[in-house]
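# Fold and contact review
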Amino acid sequence: MAVSVLTAVELVISPALADETCVSPYMPKITGQEDFVYVWTLGAEGVGDEQDKLVTVDSNPKSKTYGKVVSTVSVGGRNEAHHAGFTDDRQYLWASGLDTSKIFIFDVHTNPQKPVLTKTITDFVAKSGGVVGPHSIYALPGVMMMTGLSNNKDHGGRTGLVEYTNAGDYVATHWTPVDGALQGAEKTGSFADGYGYDVRALPRRNLMLTSSFTGWSNYMMDFGKMLKDPEAMKRFGSTVVEWNLHTKQPKKVFDVPGAPLEIRCALESNHNYCFTSTALTSKIWLIYADKKGQWQAKDVADIGVPSQIPLPVDISIQSDDKLLWVNTFMDGKTRAFDISDPFKPKQVFEQKIGAQVNMVSSSWDGKRLYFTSSLLANWDKKGVDNEQFLKAYNWDGAALKEQFSIDFTKEKLGRAHQMLFGAYALYGANKPVELPKEQIKK
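Just so you know, these numbers come straight off a predicted model, no measurement behind them. (Residues numbered from 1 in each chain as written. Predicted model: local features only at pLDDT ≥ 70, side-chain atom pairs only at ≥ 80, totals over all residues. Heavy atoms only, no water.)

The antiparallel open sheet is built from four strands, whose spatial order is β17-β18-β19-β20. Single-partner strands in this sheet number two, and they are β17 (260–265) and β20 (295–302). Ignoring strand direction, the axes of neighbouring strands in this sheet form an average angle of 25°. Where strand β18 (residues 273–278) lies against strand β19 (residues 283–289), six bridges are found, and the strand directions are antiparallel. Pairing of S277 across the sheet is with I284, part of β19. (Pairing = 2+ DSSP bridges. Helix = DSSP H or I, 4+ residues; strand = E, 2+ residues; numbered from the N terminus. Axes fitted to C-alpha atoms, helices over the stretch in contact; angles between N-to-C directions.)

Here's what the structure looks like:
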């Protein structure tokens, strides 16, 4: 897709993800206070040990270490740490690298405060038949469904979905439909690009959706160099694909031009729709079931002023389906949209979070929001604008109030990317017992 309307100083695109309200419906959810935020963090040259790592932050206001880093696990080298996801029983956290295609599996249930790396998958590309860049990691019953961003033939955007068992064994690859290989899918518009990015499911409607981004040759390229390469700028996705959730059969390919990134589905049982936003065109799109029960795609709102390219990245839906948070990288802002009428989202709030902001995570009760900063190692801002942080806010329905902020550069951690929540409530007896001071032996 050509994007000549965008200038070199205006374009940034970000893969992003993660919040409690968007975890798989097959997983137990944290509906009360989360105890920890797990931050999958990119190693940065000259910062600490320079390795990718899982950083655990205490997020319970009643804790003595609230707002502090309580553990880190480095995984060796820089793999372009990116996204992560829990298994359906929430016992293990899988985290991936977009460059090396390695997958790191952490035990988070034995001691949620101190995750332990238990397995590293190094043959993902070979096992999958050539998929490169495992991105979204999404729990289905007994298996992990992963989107790819690229392939090992041309390092472009042609890719597929890859299934593994919770134990880490390869199951199957489902290639995204393209012209000439639609695999029975209906092409509803002009595009069938085969690109991948995010995956989400609505089990009650037997629906699985995937979105699209760009391949290894772009996301690992120096950002300035990519902007000056006309051919590279054509290599961005323009599709959302409807899949049969149970058979993994692609059914429809929708035109959603402008690199649709995160997909967030409504949570109420009678709300049959999902949202995505397009990085290049700054629009909110609605994927919805029409009166005949057929799925359709429609752009329903602008994000900021599209001509100014605010660059929407991560989005987060609140559990009552009334508010959609949208982060825009270029201006470092978060925006809230009233989505009570999903066909007419209205912006009702905005606030600057930092010089750059990428990801937003909402607690299930809607009272807490967390933000991180990093996009990709070669795409983050430079100089003083290269802020790397985790920031926590309380939301009272009208205003965001900062609770704590961790400078990931100052703390020698790296580039803060994906967030996921942990809680002792998920594991019962694993919560440490704090004895009264008078009972502690000296």
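Taken as a whole and judged by the stated rule, the model has one disulfide. A sulfur-sulfur distance of 2.2 Å marks the disulfide that ties C265 to C274. When the S-S torsion is 95°, as for the bridge of C265 with C274, the disulfide is right-handed. On the basis of relative accessibility, which here comes to 0%, the residue C274 falls in the buried class. (Disulfide = S-S within 2.5 Å. Buried < 20%, exposed > 50% of the residue type's maximum accessible area, 1.4 Å probe, protein only.)

Bringing the side chain of S24 into the picture now. Positionally, S24 belongs in the segment before β1 (36–42). In terms of polar contacts, S24 uses its side chain to reach the backbone carbonyl oxygen of A139, at 2.5 Å. (Polar contact = N/O pair within 3.5 Å; in protein donor to acceptor, adjacent residues only side chain to side chain.)

Tracing the chain through its elements places G148 in strand β9 (residues 143–151). Separated by 164 residues in sequence, G148 and P312 have C-alpha atoms that sit 21 Å apart. In this view, G148 contacts V131, V132, G133, T159, G160, G196 and Y197; residues no more than four positions away in its chain are not counted. (Contact = heavy atoms within 4.5 Å.)

A few words now on the side chain of Q418. Checked against the element boundaries, Q418 lands in strand β29 (residues 415–422). Of the polar contacts made by the side chain of Q418, one reaches the backbone nitrogen of A84; its length is 2.5 Å.

Once that is clear, we can look at the pairing of strand β15 (residues 239–244). Here β15 lies mainly inside the structure; six of its six residues are buried. Side chains T239, V241 and W243 of β15 all project onto a buried face; the interleaved residues V240, E242 and N244 project onto the opposite face, where all are buried too. Looking at chain direction, strand β14 (residues 207–210) and β15 are connected through four bridges and run antiparallel. The residue bridging L209 from the neighbouring strand is E242, located in β15. In this structure, β15 lies alongside strand β16 (residues 250–255), joined through five bridges in antiparallel fashion. Residue pairing in the sheet places V240 in a bridge with F254 of β16. Linking β15 back to β16 in an antiparallel pair, the connection comprises five residues, with K248 at a positive phi of about 65°.

Another point: the packing of aromatic side chains. By the definition in use, this model includes 18 aromatic pairs. Both rings, one in Y273 and one in F275, keep their centres 5.8 Å apart while their planes meet at 80°; by these two values the pair is edge-to-face. An identical accessibility class is assigned to Y273 and F275; each is buried. Linked through ring pairs, W94, F124, Y164 and Y170 together constitute an aromatic cluster. When the ring centre of F86 is taken as origin, the NZ or CZ atom of R90, which lies over that ring, is 4.5 Å away. K381 extends its terminal NZ or CZ atom over the ring of F329, reaching a point 5.1 Å from the ring centre. (Phe/Tyr/Trp six-rings, centres within 6.5 Å; stacked < 30°, edge-to-face > 60°. Lys NZ or Arg CZ within 6 Å of the ring centre and 35° of its normal.)

This next bit is on the sheet that holds strand β6 (residues 103–107). The strand order across the open sheet formed by four strands is β4-β5-β6-β7, and the pairing between neighbours is antiparallel. Each end of this open sheet is capped by a strand with a single partner; those strands are β4 (81–86) and β7 (116–121). Averaged over all pairs of adjacent strands, the angle between their axes in this sheet comes to 25°, without regard to strand direction. Bridging between strand β5 (residues 92–97) and β6 involves five bridges; their strand directions are antiparallel. Bridging from a neighbouring strand, L93 pairs with F106 of β6.

Everything listed is a geometric property; what it means functionally is a separate question.
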